[in-house]
Every structure is written in C-alpha cells, then in structure tokens.
Amino acid sequence: MARRYWLLKSEPTAFSFADLAQAPDQTTHWDGVRNFQARNLLRDELKRGDRVFFYHSNCTPTAIVGIAEVVREGYPDFTAWDPDDKHYDPKSDPDNPTWYMVDIRCVRPLRRRLSLDELRATPGLEEMVLLRKGSRLSVQPVTAAEWQRILAREKQPGG
DNA sequence: GCCAACGTTGGC
DNA sequence: GCCAACGTTGGC
C-alpha cells in the first residue's frame, strides 16, 4: 500500500514537537486520544512508514511545525487503564480495549512553521480537514496533493 | 476568557 | 430512538 499522510494535533504545553525531538529515539506513543473517529484512524488506518504533520493547537500561532513518521501501528492505549492518568477511562476493558495509539518518530522540523492563517491562504488546501469549519478531529487524513502543497509552501519565503 | 461547534450521556 | 443537557475542543 502506498504511503499515506496524516495530521496529528497536540497542544504544545502538553507535548510539543520539541518534546518529540528530545524524546528517547525521538519516538513517542501517541496516547490520550479519546474520540472514536480518531481512534478508528489510529487503530486501523495509520501504517508503518506513513508520514504525519505535527500540528500545534491551542497556542499562538496554531501551526504545522514538523514532520513525523509512523513507526508502530495501532495498539492498545494503556494509559486508559491508569487511574492516575489524565485520560483514564474506567470503561476501557483490557480484554477488549476501547482506545488505541500508534508510535511516531521525529523526521524533521519544518524550515518554518506554517500557521493556520497561512494554510488558509494556500491554494489547493480548501478541502483540507483542518480548515473545515467546526473540524475538531485530532487525527486527520491529509491527501497526497495537500501534503505536496504544504511542502511546497514551506519552501516559499514569508509567513 | 469567550463561545461556537461538536461529541457523549442519559432520561424518557 | 429522540433530544436536551453537559463536557470538550480549539480558534480567537
């Protein structure tokens, strides 16, 4: 199967791209997703070798800041069973896990961050999930065309 | 901090 | 199954 592309949102105060770059083996497990649509993508769709835009949300400015790679496919999010974890879910049964995660590894930071405003102003991204009104998904598909547009935008000066 | 949009819960 | 209430997300 051809490599696919995704966008993962994270609040940088919780886990930033710099945190990923500094993590052991520059790798982390993407835990804490508690939304079924995003869960389905993590469990079923993200494959080894797929590329990921790392997006910072709830900050100024919100922006795509880096690229990562899926290095381990969906497996149970064990933080759901930890009563001390912020995302503890007592309804998740270890024999039939509700929540899944993947592992991602840092590939590189973008040469410059691409803010939401700049993405909105970029031709070819009109249908991007991130830019749709009311879109809140924290794990989103990105088309190959969108991926290429964004990488081309990165190479342009400005922003 | 505000609030629109969305997802989940639970009473009926 | 409907839908109001509630909680969360996330841009601003």
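**So, the environment of alanine 68**
So, step 1. Mapped onto the elements, alanine 68 comes out in strand E4 (residues 63-76).
So, step 2. Residues alanine 68 and alanine 80, 12 residues apart in the sequence, show an inter-C-alpha distance of 24 Å.
So, step 3. Apart from residues lying up to four places away in sequence, alanine 68 is in contact with Leu20, Asp50, Arg51, Val52, Ile104, Arg105, Cys106 and Val107.

**Describing the protein's contact with DNA strand B**
So, step 1. Neighbouring DNA strand B are the residues Asn35, Phe36, Lys91, Lys133, Gly134 and Arg136.
So, step 2. Atoms of DNA strand B within 4 Å of the protein belong to the sugar or the phosphate in 67% of instances, the rest to bases.
So, step 3. In this structure, a phosphate oxygen belonging to DNA strand B sits 3.5 Å away from a side-chain N or O atom of lysine 91.
So, step 4. The side chain of lysine 133 places a nitrogen or oxygen atom 3.0 Å from a phosphate oxygen of DNA strand B.
So, step 5. Of the residues in the surface near DNA strand B, the class split is one nonpolar, two polar and three charged.

Thresholds applied
For every chain, the first residue of the written sequence is number 1, and numbering continues from 1 onward in sequence order. Both sets of labels track the order of writing: A upward for chains, 1 upward for ligands. Totals for whole chains, interfaces and linings use every residue, but because this is a predicted model, local features are given only for residues with pLDDT of at least 70 and side-chain atom pairs only at 80 or more, for both listing and counting. In computing side-chain properties, one takes all heavy atoms of the structure into account and sets aside hydrogens as well as water. A run of H or I in DSSP becomes a helix once it reaches four residues, and a run of E becomes a strand once it reaches two; helices and strands are each numbered from the N terminus. Every residue pair with non-hydrogen atoms within 4.5 Å of one another is taken to be in contact. Here, proximity means that at least one heavy atom of the residue falls within 4 Å of the molecule or strand. Here a polar contact is recorded for every N or O atom pair within 3.5 Å, except that within protein the pair must consist of a potential hydrogen donor and a potential acceptor, and residues adjacent in sequence are included only if both atoms are side-chain atoms. Each residue gets one of three labels, nonpolar for Ala, Val, Leu, Ile, Met, Phe, Trp, Tyr, Cys and Pro, charged for Asp, Glu, Lys and Arg, and polar for the others, Gly among them.

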